[in-house]
Amino acid sequence: MEVTNKHIDLLIPYARNARTHDDAQIAQIAGSIKEFGFNNPILIDKDNGIIAGHGRVMAARKLGLTEVPTILLDHLSETQRKAYILADNRIAINSAWDNEMLSLELSDIKDDISLAMLGFNVDELDNILSNKNFDAGTIDDQGKLDEISPKYVACPDCGHEFNANDKTTHTH
Amino acid sequence: MQMTKPHIHIDWATHEAAKYACLNWHYSKCLPVGKLVKVGAWEDDKFIGVVVFGRGANKSLGEPYDCSQTECCELVRIAMTNHITPVSQIMMIAIKFLKSAHKELQLIVSFADIEKGHHGGIYQATNWIYAGKTNAADEYIYNGKRWHGRAFRKSLGSHLNYLDKGLQIIKGAQKHRYLMPLNDTIKIKVSKLSQQYPKRIKEQALENHSNLEGATPINTLQLSEL
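Residues numbered from 1 in each chain as written. Chains lettered and ligands numbered in written order. Predicted model: local features only at pLDDT ≥ 70, side-chain atom pairs only at ≥ 80, totals over all residues. Heavy atoms only, no water.

## Considering the sheet that holds strand β9 (residues 168-171) of chain B
Residues and elements named next belong to chain B.
Alright, step 1. The three strands lie next to each other as β8-β7-β9, forming an open sheet whose pairing is antiparallel. The open sheet has two free edges, formed respectively by β8 (145-148) and β9, since each of these has just one partner strand. Between one strand axis and the next, the sheet turns through 35° on average, direction left out of account.
Alright, step 2. Relative to β9, strand β7 (residues 138-142) runs antiparallel, the two sharing four bridges. Its bridge partner being in β9, Y140 is matched across the sheet by I169. (Pairing = 2+ DSSP bridges. Helix = DSSP H or I, 4+ residues; strand = E, 2+ residues; numbered from the N terminus. Axes fitted to C-alpha atoms, helices over the stretch in contact; angles between N-to-C directions.)

Here is the structure:
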């Protein structure tokens with residue numbers, strides 16, 4: 001497949017693109033392009049309509065790029081094109097992380113590169129890198145499911161405190 | 001190459017461990033609130049997840065089975081990371097562990113979320129009783145966001161009455177209900193509610209498709225798809 005650089009203004013976003021990109025994610029993509037380069041070309045149809053890469057185009061604009069790499073996909077029917085736009089986004093999020101491997105990889109690079117640009121949020125990074133191994137708790141850490149704890153309330157009429165979970169303890 | 005069978009250890013888990021497991025390894029990304037019993041699992045001393053039991057969404061969880069609030073609980077989460085021991089085995093040991101400390105419990109109820117594509121394969125593999133689908137609960141759509149009915153009503157309280165503009169009430173998805181009796185008396189009682197296990201959504205779709213009018217696939221074609 002041939003990669004062709006195209007002027008960014010020639011590319012036409014798909015009006016019915018169902019995938020959304022918020023400002024924070026565009027900033028993440030821009031940071032990634034700046035650090036690693038534009039390594040994932042925009043997929044376009046014969047009319048320069050964007051098939052995949054709306055977020056990358058928005059990030060390129062944010063970075064002030066005038067040209068972006070593109071790959072022409074002219075073998076898709078209209079229906080296939082529509083389906084691929086969805087599939088390209090959906091299939092990618094079906095994969096999962098091997099947390100142990102991820103932790104090892106992040107640990108290897110964390111001193112040389114800012115992990116913030118990888119798309120993980122701070123809490124996620126804390127969790128992954130801490131490589132938590134929890135010790136066992138005790139029975140005192142658990143709720144008692146076979147007991148109803150008394151719930152003391154004051155009677156609005158006489159002020160007497162009684163267990164609301166056992167209404168027989170207070171009658172007028 | 002055969003993988004070495006790890007030593008599995010089941011014990012109480014701390015709230016911190018349960019929260020971590022649910023946030024990182026469960027599709028819901030949350031640990032329910034309220035009274036919980038968290039049973040943890042360790043393979044060769046490495047924490048691999050939790051099985052969490054709770055009181056359930058409302059006080060009447062056990063009512064259809066003549067169980068009081070203290071006799072019935074809900075299995076609310078199984079949150080596991082990569083592990084070798086079958087999850088069905090972990091779950092059943094966790095249930096025994098729970099029962100050993102909560103003698104009054106007679107019945108565990110659990111639900112499989114149809115909307116998430118779950119049919120309860122883990123419960124079927126461990127012989128739970130299938131008691132049919134739940135009724136669809138009300139859900140709310142407000143400001144473009146979908147809210148679980150109870151959570152929405154609880155968070156808004158009486159303010160709910162002032163939100164009628166732009167508030168849409170829809171019927172949420174049903175769930176499959178499974179029951180695990182913990183003694184023979186309750187087993188006899190709930191066995192009467194037993195229904196045929198639901199199929200995987202994919203299997204159900206194939207079955208529906210084969211019931212449509214048209215050419216019946218020949219055997220060789222069916223076999224070649226296996």
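From this point, the narrative continues.
## A word on the interface of chain A and chain B
Alright, step 1. On the side of chain B, 31 residues touch chain A, which itself brings 21 residues to the contact.
Alright, step 2. Between chain A and chain B, the buried area comes to about 2,300 Å², and carbon and sulfur atoms account for 52% of it.
Alright, step 3. Among the residues of chain A in contact with chain B, F134(A), L145(A) and D146(A) are the three that bury the most area, contributing 34% of the side total.
Alright, step 4. The interface formed by chain A and chain B holds zero salt bridges in total.
Alright, step 5. Applying the counting rule to chain A against chain B returns 11 residue pairs in polar contact (both at pLDDT 80 or more).
Alright, step 6. A per-class count over the side of chain A that touches chain B returns five nonpolar, eight polar and eight charged. (Contact = heavy atoms within 4.5 Å. Buried area = accessible area lost by both parts, 1.4 Å probe. Salt bridge = Lys/Arg side-chain N within 4 Å of Asp/Glu carboxyl O. Polar contact = N/O pair within 3.5 Å; in protein donor to acceptor, adjacent residues only side chain to side chain. Nonpolar A, V, L, I, M, F, W, Y, C, P; charged D, E, K, R; others polar.)

## A word on unusual backbone geometry
Residue and element names in this part refer to chain B.
Alright, step 1. Positive phi outside glycine occurs at K29, with the angle close to 60°.
Alright, step 2. Summarising the element assignment, K29 is placed in the loop between α1 (15-25) and β2 (36-43).
Alright, step 3. For N127, which is not glycine, the phi torsion reads 60° and is therefore positive.
Alright, step 4. Checked against the element boundaries, N127 lands in the loop between α3 (121-125) and β6 (129-133).

## What about the environment of I129(B)?
Residues and elements named next belong to chain B.
Alright, step 1. Mapped onto the fold, I129 is located in strand β6.
Alright, step 2. The class for I129 is buried, based on a relative accessible area of 10%.
Alright, step 3. Placed 66 residues apart in sequence, I129 and Q195 show a C-alpha to C-alpha distance of 7.5 Å. (Buried < 20%, exposed > 50% of the residue type's maximum accessible area, 1.4 Å probe, protein only.)

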